[in-house]
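Next come the chains, spelled out residue by residue.
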Amino acid sequence: VAEGNPLFDGQGKLIGSRFTMGADDEMRGILGRLVNWCTALTGREQKSYTPPSRPDLRLVSVHDAGLATWLHEQGGHLARSKQLSEAVFSFDTEARLDFLAGWLDGDGWLASTGPELKGLSGTTSSACLAMQLMRLSHMAGLRPSMQHIVNNGYQGNRDGGGDAYQINFSRVDSLQLR
């Protein structure tokens, strides 16, 4: 799961999307799959870029308004309106687990005590996405819990702060997410 951001021209017209990924995504082959997917969808070769000031990041900028519009329709706009496409719920169990692991790679963290893994957690500000992730988790045989965090105080995004939803996976469930 890549964090996609819309790209606009100087007049505010949607012209594409930028995906931000990590160096570990490149090592695991996820970056290559994203680049190949974007190339196939647009019919133009896509490449990743590593900013000199951030060697841990990989950026993929796709200048295709049609793809950007489709991504917006599938995933929502701004943090609080993110949602999953209904197609995700038709995935097989392995693909569901991979999807959840990808979400946690971007919006999650490890809970541990020293070297001992206690579990995994992830956070979203979208109530809809949180409920969909819980549904997808149950369909994959996992049993996470969800905590509603009232007014988490984060003001860094364009649509301001607000509530957050933290999804917590037990140590046993975490071992299934790769």
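The residue numbering used here restarts from 1 in each chain and proceeds along that chain's sequence as written. Reporting of local features is limited, given that this is a predicted model, to residues whose pLDDT is at least 70; pairs of side-chain atoms are given and counted only at 80 or more, and all residues count toward the totals for whole chains, interfaces and linings. Side-chain numbers here rest on the full set of heavy atoms in the structure, without hydrogens or water.

### Here we look at the pattern of salt bridges
Salt bridge, as used here: a side-chain nitrogen of Lys or Arg that lies within 4 Å of a carboxyl oxygen of Asp or Glu. As enumerated under the stated definition, the model contains 5 salt bridges in all. Here Glu26 and Arg58 are joined by a salt bridge, their closest N and O atoms 2.6 Å apart. One end of the pair, Glu26, is in helix H1 (residues 23–27); the other, Arg58, is in strand E3 (residues 57–62), and 32 residues separate them in sequence. On the accessibility criterion, Glu26 (41% relative accessible area) is partly exposed. Across the pair Arg44 and Asp64 runs a salt bridge whose closest N-O atoms are separated by 3.5 Å. Residue Arg44 is located in the loop between helix H2 (30–42) and E3, and its partner Asp64 is located in the loop between E3 and helix H3 (65–75); the two are separated by 20 residues in the primary sequence. For Arg44, a relative accessible area of 38% translates into the label partly exposed. Every helix listed is a DSSP run of H or I at least four residues long, and every strand listed is a run of E at least two residues long, numbered separately from the N terminus. When accessible area is computed with a 1.4 Å probe and restricted to protein chains, residues below 20% of their type maximum are described as buried, those above 50% as exposed, and intermediate ones as partly exposed.

### Looking at the packing of H2 against H3
Where H2 contacts H3, the axes come no closer than 10 Å and their chain directions differ by 115°. The two elements H2 and H3 cross, and the hand of that crossing is right-handed. When H2 is examined against H3, the residues Trp37, Cys38, Leu41 and Thr42 are found in contact with a partner set consisting of Leu67, Trp70 and Leu71. The class makeup of the residues in the contact of H2 with H3 is 6 nonpolar, 1 polar and no charged. Only the contacting stretch of a helix is used when fitting its axis, a line to C-alpha atoms as for every element, and angles between N-to-C directions run 0 to 180 degrees. Left-handed describes a crossing in which the near helix is turned anticlockwise from the far one by less than a right angle; the clockwise case is right-handed. Note on contacts: a residue pair qualifies if any of its non-hydrogen atoms lie within 4.5 Å across the two residues. Note on residue categories: nonpolar means Ala, Val, Leu, Ile, Met, Phe, Trp, Tyr, Cys or Pro, charged means Asp, Glu, Lys or Arg, and polar means any other residue, Gly included.

### Concerning the sheet that holds strand E7 (residues 164–170)
Sheet strands pair by backbone hydrogen bonding; their relative direction is either parallel or antiparallel. When DSSP locates at least two bridges between a pair of strands, those strands are taken to pair. Taken in spatial order, the 4 strands line up as E4-E5-E7-E6 in an open sheet, and their pairing is antiparallel. With partners counted over all chains shown, the strands left at the sheet margins are strand E4 (108–113) and strand E6 (145–149), one partner each. Strand-to-strand, the axes of this sheet are offset by a mean angle of 25°, without reference to chain direction. Direction of pairing for strand E5 (residues 116–124) relative to E7: antiparallel, over a ladder of 6 bridges. Counted as the bridge partner of Gly119 is Ser170 from E7. Lying on the sheet, helix H4 (residues 93–107) is in contact with E4, E5 and E7; it crosses E5 at an angle near 85°. Against the sheet, helix H5 (residues 127–139) touches E5, E6 and E7, its axis set at about 15° to E7.

### Examining the pairing of E7
The element E7 is largely enclosed, with a buried count of 6 among its 7 residues. Bridge count for E6 against E7 is 5 bridges, and the pairing is antiparallel. From the neighbouring strand, His148 faces E7, where its bridge partner is Tyr165.

### Thoughts on the nonpolar core
Leu84, Trp103, Leu133, Ile167, Phe169 and Leu177 are the most contacted members of the largest nonpolar core, which has 20 residues in total. Those elements that place two or more of their residues in this core are H4, H5 and E7. The contact partners of Leu177, leaving out residues within four places of it in the chain, are Leu97, Leu100, Ala101, Leu104, Leu120, Leu142 and Phe169. Within this scheme, the nonpolar core is defined by two criteria: the residues are buried Ala, Val, Leu, Ile, Met, Phe, Trp, Tyr or Cys, and they are joined through side-chain atoms within 4.5 Å. Core analysis: the next-biggest nonpolar cluster, separate from the first, contains 10 residues, Phe19, Ile30, Leu31 and Val62 among them.

### Quick word on the packing of aromatic side chains
Any two rings among Phe, Tyr and Trp, with Trp reduced to its six-membered ring, count as a pair given centres within 6.5 Å; such a pair is stacked if its planes are under 30 degrees apart, edge-to-face if over 60, and tilted if neither. Here the structure, examined in full by the defined rule, presents 1 aromatic pair. Ring centres 6.1 Å apart and planes at 50° place the aromatic pair Trp37 and Trp70 in the tilted group. With Trp37 in helix H2 and Trp70 in helix H3, the pair connects residues that are 33 residues apart, well separated along the chain. Residue classification places Trp37 among the partly exposed residues on the basis of a relative accessible area of 34%. A residue is classified by how much of its surface remains accessible, and Trp70, at 39% relative accessible area, is partly exposed. Two conditions define a charge located above a ring, namely a distance within 6 Å from the ring centre to NZ of Lys or CZ of Arg, and an angle within 35 degrees of the ring normal. The aromatic ring of Phe89 is capped on one face by Arg135, whose charged end is 3.7 Å from the ring centroid.

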